[in-house]
Amino acid sequence: MQRILVYLIGPDVSLGDLALALVDIGLVAYLVYRVLRIIRGTRAVAVLFGLFLLGLGYLGAQVAGLETLSWVLGHFLSYSFIFGVIVLFQSDIRRALAELGRSSRLLAALSRDDLATQRGAVDAVVKAAGELARRRHGALIVLERSADLSDVIDSGLRVDAAVTSELLLSIFLPAGPIHDGAAVIQGARLAAAGCLLPLSAAEAPQELGTRHRAALGLAEEVDAAVVVVSEERGEVSVALEGTLHRALDEKALRKLLYSLFVTAGRGSGGAAGRPAPAGGPHPAGQGAPRAAI
């Protein structure tokens, strides 16, 4: 065994040194894994890929002997990298620290209370969506997942209230001043209403109205679930990971949202999974029923 260690990692190395090196590598790998899990589904991934390409360009410039390009890229990466990361990823850093706190075993008792509160919020959304569909009142309800939605919240009217079906119904009254915007649920609180969402740039069926395109636009950019109620057809859909699950009844909607926000806390899917809701989801543009605003 000692000969193998000497051959692999050099002389004067003990088993203790090898164990310490393995622990060090394991901790770094776990930190990288957690960072990738946190930024998955956000625009931070594209930014990190851009920085990675700049790093490859710097190495290529050094190998090719391009002194000026190497100097520019080197100074950009060495002096501006830290400040750029802080500015670009401030919301992701804040969310990462929050995730670290929530994952602590010391907060296990509090997480049970959070789970019950989250279940109540999901039930309120399902009840409100069903009633809005029966009344033919259009609605957009965004439920935050792993991506931080602070920019979306800042575009609307801050509410910061407990999520109830009555409150959601009052927000989307046709005569209301903010009924055309989106309501954003952050955690188990209604953070804001009347928020603006980006429209989808992808090609979509012509029968989809602006409300559905806005839901798809946000779901394509960040990891969030967007409940859409069609004003014309009285149908409920959910935009998730760039796909529109259409014509969901209350049972199917509850099952889908529970898989994302309630049972996920007990290891039954969660933000990292791809739920398969009951009720036959119909991705937009693939033989789905018509859904216009």
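Position numbers for residues start from 1 in each chain and track the written sequence from start to end. Only residues with pLDDT of at least 70 are given local features in this predicted model, and only at 80 or more are side-chain atom pairs given and counted; all residues enter the totals for whole chains, interfaces and linings. Heavy atoms throughout the structure, all of them, feed into the side-chain values; hydrogens and water do not.

- The name given to the protein chain in an unreviewed UniProt entry is Diadenylate cyclase, with Anaeromyxobacter dehalogenans as the source organism.
- UniProt positions are given in the numbering used here, feature names are shortened, and annotations may be inferred rather than shown by experiment. As stated in UniProt under Catalytic activity (unreviewed entry), the record for the protein chain gives "2 ATP = 3',3'-c-di-AMP + 2 diphosphate".
- A UniProt comment under Subunit (unreviewed entry) is attached to the protein chain, and it reads "Probably a homodimer."

**A closer look at the confidence of the model for the protein chain**
- Per-residue pLDDT for the protein chain has a mean of 76; in total, 67% of the residues score no lower than 70.
- For residues 104–111, every residue scores under 50 in pLDDT, and the model assigns this stretch two contacts once sequence neighbours within four places are set aside.
- Confidence of the predictor in every single residue is expressed as pLDDT, which spans 0 to 100. Any two residues whose heavy atoms approach within 4.5 Å at even a single point are treated as in contact. A low-confidence stretch, residues 276–293 stays under pLDDT 50, and its non-local contacts, those more than four residues away or across chains, total 53 contacts.

**Considering the side chain of Ser200**
- Along the chain, the position of Ser200 falls in the loop between strand S4 (189–195) and helix H10 (210–221).
- Categorising residues by exposure relies on relative accessible area from a 1.4 Å probe, with only protein chains included: less than 20% of the type maximum marks a residue as buried, more than 50% marks it as exposed, and the intermediate range marks it as partly exposed. Residue class for Ser200 comes out buried when judged on its relative accessible area of 13%.
- Whenever a nitrogen or oxygen atom comes within 3.5 Å of another N or O atom, the pair is scored as a polar contact, on the condition that within protein one atom can donate a hydrogen and the other can accept it, and that pairs from neighbouring residues in sequence are kept only if both atoms are in side chains. A distance of 2.8 Å separates the side chain of Ser200 from the side chain of Glu220, its partner in a polar contact.
- If we skip the residues at most four places from it in the chain, Ser200 touches Arg213, Leu216, Gly217 and Glu220. Segments assigned H or I by DSSP are reported as helices when at least four residues long, segments assigned E as strands when at least two residues long, and all are numbered from the N terminus.

**Side note on the pattern of salt bridges**
- Counted as salt bridges are all cases of a side-chain nitrogen of Lys or Arg within 4 Å of a carboxyl oxygen of Asp or Glu. If you walk through the whole model with that rule in mind, you get ten salt bridges.
- Across the salt bridge formed by Arg134 and Glu131, the nearest N and O atoms sit 3.2 Å from each other. Of the two residues, Arg134 and Glu131 are both situated in helix H7 (residues 108–135); the distance of three residues between them amounts to about one turn of the helix.
- A relative accessible area of 24% means that Glu131 is categorised as partly exposed.
- Salt bridges sharing common partners tie together Glu131, Arg134, Arg135 and Glu250.

**Let's talk about a nonpolar patch on the surface**
- Taken together, Phe49, Phe52, Leu53, Leu56 and Leu59 make up a surface patch of nonpolar side chains, about 510 Å² in accessible area.
- Relative to the helices and strands, Phe49 is located in helix H3 (residues 44–64). Two joining distances apply to patches: 9 Å for like charges and 5 Å for nonpolar side chains (Val, Leu, Ile, Met, Phe, Trp, Tyr), and every residue must have over 30% relative accessible area and no salt bridge. Using a 1.4 Å probe, accessible areas were evaluated by the Shrake-Rupley method; residue-level cover was limited to the displayed protein chains.

**Examining the pairing of strand S3 (residues 182–186)**
- With four of its five residues buried, S3 lies for the most part within the structure.
- DSSP-based pairing: two strands are paired if at least 2 bridges between them are found. As paired strands, strand S1 (residues 139–144) and S3 are joined by three bridges and run parallel to one another. If you follow Leu143 over to S3, its bridge partner there is Ile185.
- Two successive antiparallel strands, S3 and S4, enclose a turn made up of two residues, where Gly187 displays a positive phi of approximately 70 degrees.

**What to know about H10**
- Its twelve residues place the ends of H10 17 Å apart at the C-alpha level, agreeing with the 16 Å of an ideal helix rising 1.5 Å per residue.
- Those residues of H10 lying buried are Arg211, His212, Ala214, Ala215, Leu216, Gly217, Leu218 and Ala219.
- Where the residues of H10 are buried, they touch S1, helix H8 (150–154), strand S5 (224–229), strand S6 (236–240) and strand S7 (243–245). Helix span, expected: 1.5 Å multiplied by one less than the number of residues in the helix.

**Comments concerning the pairing of S5**
- Within S5, six of the six residues are buried, which leaves the element mostly enclosed by the surrounding structure.
- In this sheet, S5 lies alongside S1 in antiparallel orientation, the contact comprising six bridges. Across the sheet, Leu143 pairs through a bridge with Ala225, a residue of S5.
- As judged from the five bridges shared by S5 and S6, these two strands associate in the antiparallel manner. Note on S6: the bridge partner recorded for Val228 is Ser237.
- Counting the residues between successive antiparallel strands, the hairpin from S5 to S6 contains six residues, one of them, Gly234, with a positive phi of roughly 65 degrees.

**Here we look at the sheet that holds S5**
- Spatial ordering of the open sheet is given by S2-S4-S3-S1-S5-S6-S7, a layout of seven strands whose pairing is mixed. Two strands bound the open sheet, and with one partner strand each, they are strand S2 (157–162) and S7. Sheet twist, expressed as the average angle between the axes of neighbouring strands with direction ignored, equals 20 degrees.
- Here S3 runs beside S4; their pairing, made up of four bridges, is antiparallel. Bridge pairing in S4 links Ala182 to Cys195.
- Across the sheet, H10 is in contact with S1, S5, S6 and S7; its angle to S5 comes to roughly 175 degrees.
- Only the stretch in contact is used when a helix axis is fitted, and all axes are lines through C-alpha atoms; the angle between N-to-C directions ranges over 0 to 180 degrees. Packing against the sheet, helix H11 (residues 250–261) makes contact with S1, S5 and S6, and its axis sits at approximately 25 degrees to S6.

**Points about the nonpolar core**
- Val125, Ile141, Val163, Leu168, Val227, Leu253 and Leu257 are the most contacted members of the largest nonpolar core, which totals 38 residues.
- Joining through side-chain atoms within 4.5 Å is the link that ties buried Ala, Val, Leu, Ile, Met, Phe, Trp, Tyr and Cys residues into a set, and such a set is a nonpolar core. Membership of the second largest hydrophobic core comes to 24 residues, among which are Leu149, Ile153, Ala214 and Val222.

**Here's the deal with the environment of Arg189**
- Take Arg189: it is sitting in strand S4.
- Residue classification places Arg189 among the partly exposed positions, given a relative accessible area of 38%.
- Residues Arg189 and Val163, 26 residues apart in the sequence, show an inter-C-alpha distance of 5.6 Å.
- Of note is the side chain of Arg189, whose polar atom sits 3.0 Å from the backbone oxygen of Asp160.

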